[in-house]
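Architecture at a glance
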Amino acid sequence: MAEQPNLWRRLLRPRWPADRAIVYSYLCAILALLLAGDLFWVLRNEVLIGRDAGAHLHRTLAVAEIISSGAPDRLFQAFTFHSYRPPGLYLAAQPFYALLGPSMDHAQLVNITLAGVVLVLVFRYGLRMGGPRLALAAALMTGLWPLLTAMSRLFYLELFVTALTLLGLLALLNSDGFANRRWSLFWGVAIGVGLLVKWTMPLYLAAPLFYVLWRQPWRREAWAAARSHRVDWRRAVFALSAGVLLAALWYLPARAHARHLLLGDWLLVGWALLWGAFLYVARLPATPVANLAGGLLAALSVASLWYLPRLDFITELLYVGFGAYGSHEPFDPLRLSNYTRYFRYLIRFDLGLLAALLILPLGLWPWLKRLRAWRQAAPDTALLWWSLAGAWAVLSLLTQDNERNLVPLIPVIALLLLRGLHVYPPRLAGSLAGLWLLTLALHWGILTFDAFTPLHQATRPLWGISGFLQRPASGPTAPDYWIAPDVLATVNPPPGGETILGMLINTPEIHRGPFRYLIDLDDLSIDLLALTEVDSPGWPGVIESSWLLFKDGENDIEPPGLAVLERIHAGDPMFDALYAEARRYPLPDGDTAYLYRRNGPGEPRKLPGGLERTAPLAAQVEQWMSRHATLLFGHVDLAVWLGIHDPPIERMALIDELDDVALDALEAATGTLLAVLSYNTPALQHWLDDYAYRALEIGDDLAALAVYGRPTAPLVALPVEDEWDDLRFVRLAGRTAVEPGEVIPLEADVAGQVDGSRKMSLRLLGVEGEPAAQTDLDLWPHLRTGLFVSPATPPGRYRLVAIVYDRVTLEPIPGPMNEPYFSVTSVVVQRNEEPSHE
């Protein structure tokens, strides 16, 4: 019985290293609890949170596709396939794909594993910093921290950067001022791998490096020794030869691909020199200067696998880091909000009001109280402060800002906050640590279990508001938002076919990331056309799409897409004629998503000669469209070919077949009819010839634009002014007045030589003889035609004249007084508020 109190004391206050087994048992329990919560969340969740996460997941499949063949150059291509994103996270997902198969959940196991690595590294650092209780509390506090919890469940880069930042700090601490070669190389490798994950990685380790170098007594001696160093040429030749060999093994199998990169064959030279330099320095005697140089060269050697071939990424990096892109403001060091935004992110977006008030004042007060003693802080503590201050300062200046940039600093903050508790009385310090952990644990539970939804809603102002802090299957992650599989199953064409899905939805719950991932995962023949971006094709992209997905309510899309949505919701005649609703998805927030399908049997045929062939027709539609005009399409292909050019359309109808619906639409179409026809639309053309007055036609057999007039009132008799000896109008009927944009319908009975050997050109001439309209037709006893008065025709009185000419020689046949034409009648062109139906 005497041993019992001692056992309890050891369980409650374990010592290191005597109670190593107890301490590691606690650590395993922490890991099991937190990682089980992450795994539970991932398995229960369906809705992918975050647009960048979707893009990262899509790239994992691209890398998997690249390396699947096993060709010698594939690994090189996998490292360099993206021009801006380093490949670290995408390569890390490949073992999980190989073992379990590709899926979004399996890819997320990368970050769940990295979450465990982060907790172990925090524990190791805390053990060095303050003993087992600090180490365990820091690991638990880090694992419960809201934003780090979110990153362990989402496919982002920051958790990978966090693990490598901690490894770099631990290696820098253990290097003892670069006296230890092994830890110096670990430090360099951590930076190099971190750079292969994200370019911001060095920001978290630059200031600690400066601190270590600043406090070393050997700085001057090391500089002098470096200047007086004598090259060991034998060792240098060996190292350079090894560097050339390694560079050749890496570069030559992929030369055909690498030669198209910025440096081309110079990549071989660059890698040979860099890797040769590392091998040379790594074999020098282990001095602090040699170890520092070895660590830096190790970092550069590893990072160069991507950065050297993708050296042109610097242009985009400068734009993202200091330019104005998206909703970010350009670099401005005088903008004071720069220096407070990350405090706002930490308090409002991450911790929330409750945790921030309970943790930050009491945790920071000991450090603020002892500002003057910071210079005498232990190296383990100083490294953390330098990392926090240095990264915070640089991040405050960058254009690229996001609460995710705080994630690599969360373990640093947790360690410093807990370390500051040692100035309080032990019982108070323990109580405060317990209160902090309980508060974070409550928030962790809210983020992990949907059963806490009522509590979260009732206390929402107390918690962080970041969009990444979500429960697995409620609110923005409710399963009804997961429409991507059903949409793709509906859209997917039969074997051998292809289709285009235009996407006009961009919300945190529904965006193109999951769609692109599932399309590639299942190898679907679907081309996803993003219509939400600033450089999207806009309306032509809509017409090009066989399917269109959009929603009402809030939608984070750029102006081209907003303009398209406004047209659709207002009722666009082209869209209404071409598309029909296929599926409707009621969303949990009350909005509705719609999937529309373009009418027709399948994808439109490819237009020989390209869409430039219909550009002149679209230009004419734009000139001829008026309030009198209705645009008719004889086939859905014709509507697509012309609609992509987006001419202005007030009314239109799609006449694929002359069924009852089409006949009703044609009966309702009056005034000026602009008919888009082709060789395979004879039924529509015959109907128009029978029931309307053909004025003119441009184009060819594949795509032609014909203008018809279809008045609503009967024609009236028109007086005939002149006659020829062998040709006279027995009857002439039409309209005495029209508006610009209308067709003058004409019917005539003609006597004389009307056997078809001649042609007649009817022309509408102005006062000065300028032509306003013209139509040519074979001369038969009965004529039925029209003259199109374009919308640009000025009002006034016009003469209708006729010119007769030989249909073979095209020679005009003069009248009795050798006039080139004879005057038939007069017509008034007038502008009215309402169309004239005379």
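Given the structure is predicted, the values throughout are model-derived calculations rather than measurements.

Looking at the pattern of salt bridges
All told, the structure shown has 26 salt bridges when counted by the stated rule. One salt bridge connects arginine 51 with aspartate 556, and the closest N-O pair in it is separated by 3.9 Å. Here aspartate 556 lies in the loop between strand S3 (547-551) and helix H27 (559-570) and arginine 51 lies in helix H3 (residues 51-67), a separation of 505 residues in the sequence. Of the charged contacts, one joins aspartate 689 and arginine 694 as a salt bridge, the two residues approaching to 3.6 Å between their closest N and O atoms. The network of salt bridges with shared partners includes Asp52, Glu158, Lys198 and Arg404.

With respect to the packing of helix H24 (residues 484-491) against helix H25 (residues 512-521)
Contact pair H24 / H25: the axes reach a minimum separation of 10 Å and the direction vectors enclose 50 degrees. Compared by their axis directions, H24 and H25 come out oblique. As for how H24 packs across H25, the hand of that crossing is right-handed. Packed against H24, whose contacting residues are Ala484, Pro485, Val487 and Leu488, the element H25 presents Phe515, Leu518 and Ile519 at the interface. When its residues are assigned to classes, the contact of H24 with H25 shows 7 nonpolar, no polar and no charged.

Section: helix H2 (residues 20-44)
In a regular helix each residue adds 1.5 Å, so 25 residues correspond to 36 Å; H2 covers 36 Å between its end C-alpha atoms and thus fits that length. Among the residues making up H2, those that are buried are Ile22, Val23, Leu27, Ile30, Leu31, Leu34, Gly37, Asp38, Trp41 and Val42.

Observations concerning the side chain of threonine 448
Following the sequence through the fold, threonine 448 ends up in helix H22 (residues 426-448). Within the structure, threonine 448 has its side chain in polar contact with the backbone oxygen of tryptophan 444 (distance 2.6 Å). With residues near it in sequence (within four places) discarded, threonine 448 still touches Gly37, Phe40, Trp41, Arg153 and Pro472.

Brief notes about the sheet that holds strand S5 (residues 592-598)
The strand order across the open sheet formed by 5 strands is S2-S1-S3-S5-S4, and the pairing between neighbours is mixed. Edge strands, defined here as strands with exactly one partner in the open sheet, are strand S2 (526-530) and strand S4 (579-586). When the angles between neighbouring strand axes are averaged without regard to direction, this sheet yields 20 degrees. Two elements, S4 and S5, share 7 bridges in a ladder whose sense is antiparallel. In the strand pairing of S5, glutamate 581 is matched with tyrosine 596. Contacts between H27 and the sheet are confined to strand S1 (499-504) and S3, with S3 contributing the most and set at about 90 degrees to the helix.

With respect to the side chain of aspartate 450
With respect to the helices, strands and loops of the structure, aspartate 450 is situated in the loop between H22 and helix H23 (453-458). With a relative accessible area of 14%, aspartate 450 lands in the buried category. At 2.7 Å, the side chain of aspartate 450 forms a polar contact with the side chain of arginine 44. Excluding residues that lie within four positions of it along the chain, aspartate 450 makes contacts with Arg44, Arg471, Pro472, Ala473 and Ser474.

Quick notes on the environment of arginine 735
Here arginine 735 is to be found in the loop between strand S12 (727-734) and strand S13 (737-738). Each C-alpha atom of the pair arginine 735 and alanine 593 lies 50 Å from the other, and the pair is 142 residues apart in sequence. Looking at arginine 735, its side chain comes within polar contact range of the main-chain oxygen of alanine 737, at 3.5 Å. In this structure the side chain of arginine 735 is engaged in a polar contact, spanning 3.4 Å, whose partner is the side chain of glutamate 742.

Parameters and conventions
- Residues numbered from 1 in each chain as written.
- Predicted model: local features only at pLDDT ≥ 70, side-chain atom pairs only at ≥ 80, totals over all residues.
- Heavy atoms only, no water.
- Salt bridge = Lys/Arg side-chain N within 4 Å of Asp/Glu carboxyl O.
- Helix = DSSP H or I, 4+ residues; strand = E, 2+ residues; numbered from the N terminus.
- Axes fitted to C-alpha atoms, helices over the stretch in contact; angles between N-to-C directions.
- Parallel < 35°, antiparallel > 145°, perpendicular 65-115°, else oblique.
- Left-handed = near helix turned anticlockwise from the far one by under 90°.
- Contact = heavy atoms within 4.5 Å.
- Nonpolar A, V, L, I, M, F, W, Y, C, P; charged D, E, K, R; others polar.
- Expected span 1.5 Å × (residues − 1).
- Buried < 20%, exposed > 50% of the residue type's maximum accessible area, 1.4 Å probe, protein only.
- Polar contact = N/O pair within 3.5 Å; in protein donor to acceptor, adjacent residues only side chain to side chain.
- Pairing = 2+ DSSP bridges.

Remember, this is a structural readout, not a statement about activity or role.
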